[in-house]
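A look at the structure
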Amino acid sequence: WLFQGPRVCEGVDLTVGVGAMFGAISARSVVAVATICFVAAGAFLVASQQSSSPVEDLDLSGVAPGVDTGINIPKPTLSAAQIDQLTKMETTRARLMNVIRRLESKLVGQSRPLVEIRVATVGSKGLPGPVGIRGEIGQPGPRGPMGKMGPMGGPGPQGPAGPLGLAGPPGPAGGVGPPGAHGPRGLRGNRGARGTRGPVGGPGRPGRVGHRGSTGVLGPRGDIGPPGHRGRRGAVGRPGARGAPAPRPGIVKGNIINVMNGLAMSGVTVQVWRGRRLVRNVQVSRSGSYFTRLDPGQYKITCSMRGFMTFRRTITVFSARTLTSRLFMSPTMATGQIRLVLTWNKRISDLDFHLSTPTGCNVGWRNKNCNQAGNKASLDVDDVNGEGPETITIEKLHAGTYKLWVHRYSDGNMLRSAATVRVIFPSGAMRVYRVGTDGQMTAPDTWTVLTIDGASGNIFGPVMGGTKWTTVPGTPAVFSSISTSQSGLNVWGVSNGAVYRRNGIIDANKMGTSWSVIQGPAPGAAGVAASDLGVWVWTSAGAIFARTDVTPASPVGSSWLAVPKPAGDLKSVSFDGANAVATTTDGRLWWRAGVTASNPKGSRWFQVPGRTTWVGIYSTSLWVTRNGRIYRRSGMASAPPAGSGWTRVPGAGQRLSVSNGVVWLTNRHGRVFYRKGITSRNPTGRSWEPLPGASRLVKMVSAGNGVVWGLDKAGSSPIFREGVARTGQ
């Protein structure tokens, strides 16, 4: 009957019987059945009304304000009878609940209770009544038994992270991972102590004999080398055939002249010395002449006589040749006097000797005596027939400047006159000045010899070796190469690979004022060779460049032309505007053909026989050094441009510079020398002369006519030689 739906509960009349049926049904079951019946009846009634007619909101006018009914109650659409029936059902439910509560209280503690609920139908089914007003919510019933577990629901949303748990015990060590990337290189550690020397290993096995190489191609024939060193003297051989006659003695003759009157002297003791050995005493005739025969060689002649100062001269005697040499005697002088003596050869008949004093008086052939304010000087003898002497005596020096010069009165070339001035002091000391070597040719007919400071007695003036070195001011202060033109007005240098030219050089200021950089043809300039008609520059890579449009009026030029280099690596270059020569590190000497002012780069190179280290050229004078030895190229005038052979020059040096009539040389110690006595008849010269006075050490020199530049050996700073004489116009 429980499953007959709500009809079982319609119009019910509850009759409860209690019996002694033990365990048949519990009181909780009776209550549950009754509750289901009434709940189902109410739900059926409501559902039938919802399906049969439109449902509207219930009228809640009877509900107290603020009471939550829990459902949306539609408006009443039932009739009054239906509403009355629902009211009765609710009353019945309440009564049933009260009966059940009383029944449960009585059954507590009894062993076999029996509850029987009977429901009887009362009358026919009436129309469903309207939905009543929701009653008050009853007290919650006791908790029912736990139902069966339903199917597992889907995963819920992730909850918040729980608190951090306690650290678990350390897990087992993992396997070795792959190696990591290389880190940056650490700093270099300190050098460890040197280990002990290991034992000497045993000799290795001899290597196999290599295969014989193929025969090389025959190379070109080399140049003829210079003469070899003289070998040791061999053993005495058998007597040979009768040789040529021994060299015949030479003849030495001449006159002994008094410088005060130009007359010959007799009674003079003449001795010939070879080193410290007296060779012979020479007899002097009553006419003042002497004559002797001497074997070829170099000798020193001394002349002495009471009342006169000893005269000394060095001569060279040649086989079967006659040397005529005049010997000059000067009377003794009082303290403070200075005697000046001029002599020359017969190429010029008349040279005139001149001296200007501090008062402006000019001693000469027009005015032989000056005596103004105590400045007394006189021309003792004037010669108009050639050879001299002409003598000027200064009685006593006074404060001021004395100037001495020689004027060519008659026709002739003064540079070929062998004009010589001797300055004689009371002590017997003597200084010798020669035209073309010392002093300066200030005009074609005038040779300025020297000046004297009357206050100190010091003698100054242009001399072949100059007077002192002066450091050239300005920047850059360090150079690797320097070169001057023949005129001395165009000076170029190389510093730190850049090319420079000296500004402000004039005749009155040969040192100039400053350096200006010239845009170089290529980086890394290594050397420079300058002239008045062109400039050559070479780089450390061996490239050569020639400067175009260089003239005395425009010494800077305009642009650079590339010059093909000779075979080999360059070592030195010399260029005088018309001739260019170069040496390479393998010792070969090269001549550049076709060099002119309009074509400063020339046309082609050809090799000159011989081996060289350093080279210098001016016109037809070509000099080189090789392994410290010095050579001059002969035959340059007769067989230009390569010449015909090499002439060994006595002496030793490394770097040289050639100018008009003089060669400058530096040796490996930094000492500087100049070659004296170079003439057209004697192009090799007489001797090497060191620079007078204390001289600084020099790395290299570059010489013009009356101008010498150099580089200091200690710091490579540019230096200028003051007081250098010109050798001609």
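Scope of this entry: the structure provided in the associated data block. In this text the structure is predicted, and so the values were computed from the model without any measurement.

Details of the pattern of salt bridges
Following the criterion strictly, the structure yields two salt bridges and no others. Note that D84 and K88 form a salt bridge whose closest N and O atoms lie 3.7 Å from each other. With D84 and K88 both in helix α2 (residues 80-107) and four residues apart, this pair spans about one turn of that helix. Take K88: its relative accessible area is 55%, and that puts it in the exposed class. For the salt bridge of R588 with D586, the shortest nitrogen-to-oxygen distance reads 2.8 Å. Taking the relative accessible area as the measure of exposure, D586 reaches 35% and is therefore partly exposed.

Overview of the sheet that holds strand β32 (residues 560-563)
A sheet is described by the order of its strands in space; here four strands give the open sequence β29-β30-β31-β32, paired in antiparallel fashion. Strand pairing shows two members of the sheet lacking a second neighbour, β29 (525-530) and β32, which therefore form its edges. Taken pair by pair, the neighbouring strands of this sheet meet at an average axis angle of 25°, ignoring direction. Of the pairings in the sheet, the one linking strand β31 (residues 544-547) to β32 comprises four bridges and is antiparallel in character. Its bridge partner lying in β32, R547 is registered against W560.

Points about the environment of I83
Assignment of secondary structure puts I83 in helix α2. Separated by 45 residues in the primary sequence, I83 and P128 have C-alpha atoms spaced 7.5 Å apart.

Thoughts on the sheet that holds strand β12 (residues 338-343)
Sheet architecture is open: six strands sit in the order β15-β16-β17-β12-β19-β20, paired in antiparallel fashion. Each having just a single partner strand, β15 (369-372) and β20 (430-434) make up the two edges of the open sheet. Each strand axis lies, on average, 15° off the axis of its neighbour in the sheet, ignoring direction. Looking at chain direction, β12 and strand β17 (residues 390-394) are connected through five bridges and run antiparallel. Among the inter-strand pairings, I338 is bridged to a residue of β17, identified as I394.

With respect to the state of the cysteines
Per the stated rule, a full pass over the model turns up one disulfide. Bridging C361 to C370, the disulfide has an S-S length of 1.6 Å. On the sign convention where negative is left-handed, the bridge of C361 and C370, at about -70° about the S-S bond, is left-handed. According to the relative accessible area criterion, C370 is buried, its value standing at 2%.

As for the environment of G465
Position of G465 among the secondary structure elements: in the loop between β23 (459-460) and β24 (468-471). For G465, a relative accessible area of 0% corresponds to the buried category. The sequence separation of G465 and G706 amounts to 241 residues, and the corresponding C-alpha distance is 9.5 Å.

Observations regarding the nonpolar core
Core analysis: the biggest nonpolar cluster contains 32 residues, and L340, L355, L404, V406, V421 and W447 have the highest contact counts within it. Elements that contribute at least two residues to this core include exactly β12, β13 (351-356), β16 (375-381), β17, β18 (401-408), β19 (420-424) and β22 (446-453). Looking at which element gives the most residues to this core, the answer is β22, with four residues. Every residue in contact with L355, bar those within four places of it in the chain, is listed here: L340, C361, N362, V363, A377, I392, I394, Y402, K403, L404 and W405. In this structure, V284, I301, I315 and M329 belong to the second largest nonpolar core, which totals 26 residues.

With respect to unusual backbone geometry
In this structure, P389 follows G388 across a cis peptide bond, with omega equal to 5°. In this structure, P389 sits in the loop between β16 and β17. With omega at 0°, the peptide bond leading from T475 into P476 counts as cis. Here P476 lies in the loop between β24 and β25 (481-484). The phi torsion at A320 lies on the positive side, around 60°, for a residue other than glycine. If you trace the backbone, A320 turns up in the loop between β9 (311-317) and β10 (322-324).

Side note on the packing of aromatic side chains
Under the defined criterion, the tally for this structure stands at eleven aromatic pairs. Consider the rings of W515 and W709, whose centres lie 6.3 Å apart with planes at 70°: the pair is edge-to-face. In this pair, W515 is assigned in strand β28 (residues 514-518) and W709 in strand β46 (residues 708-712), connecting sequence segments 194 residues apart. For the pair formed by W515 and W709, the shared burial category is buried. These aromatic residues form a ring-pair network of at least three members: F479, Y500, W515, W709 and F720. Directly above the aromatic system of W646 lies the positively charged group of R633, at a separation of 4.8 Å from the ring centroid. Taking the ring centre of Y631 as reference, the NZ or CZ of R648 above it sits at 5.9 Å.

Thresholds, definitions, all that
- Residues numbered from 1 in each chain as written.
- Predicted model: local features only at pLDDT ≥ 70, side-chain atom pairs only at ≥ 80, totals over all residues.
- Heavy atoms only, no water.
- Salt bridge = Lys/Arg side-chain N within 4 Å of Asp/Glu carboxyl O.
- Helix = DSSP H or I, 4+ residues; strand = E, 2+ residues; numbered from the N terminus.
- Buried < 20%, exposed > 50% of the residue type's maximum accessible area, 1.4 Å probe, protein only.
- Pairing = 2+ DSSP bridges.
- Axes fitted to C-alpha atoms, helices over the stretch in contact; angles between N-to-C directions.
- Disulfide = S-S within 2.5 Å.
- Core = buried A, V, L, I, M, F, W, Y, C linked by side-chain atoms within 4.5 Å.
- Contact = heavy atoms within 4.5 Å.
- Phe/Tyr/Trp six-rings, centres within 6.5 Å; stacked < 30°, edge-to-face > 60°.
- Lys NZ or Arg CZ within 6 Å of the ring centre and 35° of its normal.

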